[in-house]
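Spelled out from the first residue to the last, the chains are:
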Amino acid sequence: MDNCLFCKIIKGDIPSTKVYEDDKTYAFRDIAPMAPTHVLVVPKAHVSGMNTIDELDDATLSACLRACCKVAELEGLTGGFRTVSNCGDDACQSVQHLHFHVLGGKKLSEKMD
Ligand code: DGP
């Protein structure tokens, strides 16, 4: 997608701090971290979000979840971590390319809203 911020990051047209990459996913540090570790895991294939997940093949979807776990391992999040994917206006999704936030490195809030 020509106009997608995360597609540009995946292509390297916009710089990012890479944490992990494989043939189906790319993981990089969030520009506005909300925890000591705050990494975004994205599929290299463009899909706008969780509400259009049917456009993504199962291998890529599972690769995204495995990449989240790999990031947690690489970041040394032995005490645990949180994985979140905001979808749509009510969840304040701001970038329309499916992404999973991986948060950790401190005791996270019990509140999910
Ligand atoms: P969401 O609000 O769930 O759509 O999350 C989008 C995240 O993307 C947000 O936490 C900030 C991050 N972000 C936005 N622009 C950039 C950027 O140019 N570089 C990086 N590394 N992260 C970005």
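Residues numbered from 1 in each chain as written. Predicted model: local features only at pLDDT ≥ 70, side-chain atom pairs only at ≥ 80, totals over all residues. Heavy atoms only, no water.

S.K.: It is not clear to me how the site of the ligand should be interpreted in this structure. Could you clarify?
M.R.: Every one of the 15 residues lining the ligand counts as a neighbour, but Arg29, Asp30, Asn86, Ser94 and His101 are closest to it. A distance of 2.7 Å separates an oxygen atom of the ligand from a polar side-chain atom of Asn86. In the environment of the ligand, an oxygen atom lies 2.7 Å from a nitrogen or oxygen atom belonging to the backbone of Ser94. Bound to the protein, the ligand loses 83% of the 510 Å² it would expose on its own. Its atoms largely coinciding with the cavity grid, the ligand occupies the largest pocket. At the level of elements, helix H1 (5–11) and strand S2 (25–29) are the ones that each hand at least two residues to the shell around the ligand. The class makeup of the residues in the shell around the ligand is 8 nonpolar, 5 polar and 2 charged. (Near = heavy atom within 4 Å. Polar contact = N/O pair within 3.5 Å; in protein donor to acceptor, adjacent residues only side chain to side chain. Areas by Shrake-Rupley, 256 points an atom, 1.4 Å probe, with all protein chains shown as cover. 1 Å grid on protein atoms, 1.4 Å probe; cavity = no way out; pocket = protein on both sides within 12 Å on 5 of 7 lines; lining within 4 Å. Sits in = over half its atoms within 2 Å of the grid points. Helix = DSSP H or I, 4+ residues; strand = E, 2+ residues; numbered from the N terminus. Nonpolar A, V, L, I, M, F, W, Y, C, P; charged D, E, K, R; others polar.)

S.K.: Hey, could you run me through the environment of Val95 in this one?
M.R.: One can find Val95 in the loop between strand S4 (81–84) and strand S5 (100–104). The class for Val95 is buried, based on a relative accessible area of 15%. For the pair Val95 and Thr78, spaced 17 residues apart in the sequence, the C-alpha separation amounts to 29 Å. Residues in contact with Val95, not counting those within four places in the same chain, are Leu5, Phe6 and Ser48. (Buried < 20%, exposed > 50% of the residue type's maximum accessible area, 1.4 Å probe, protein only. Contact = heavy atoms within 4.5 Å.)

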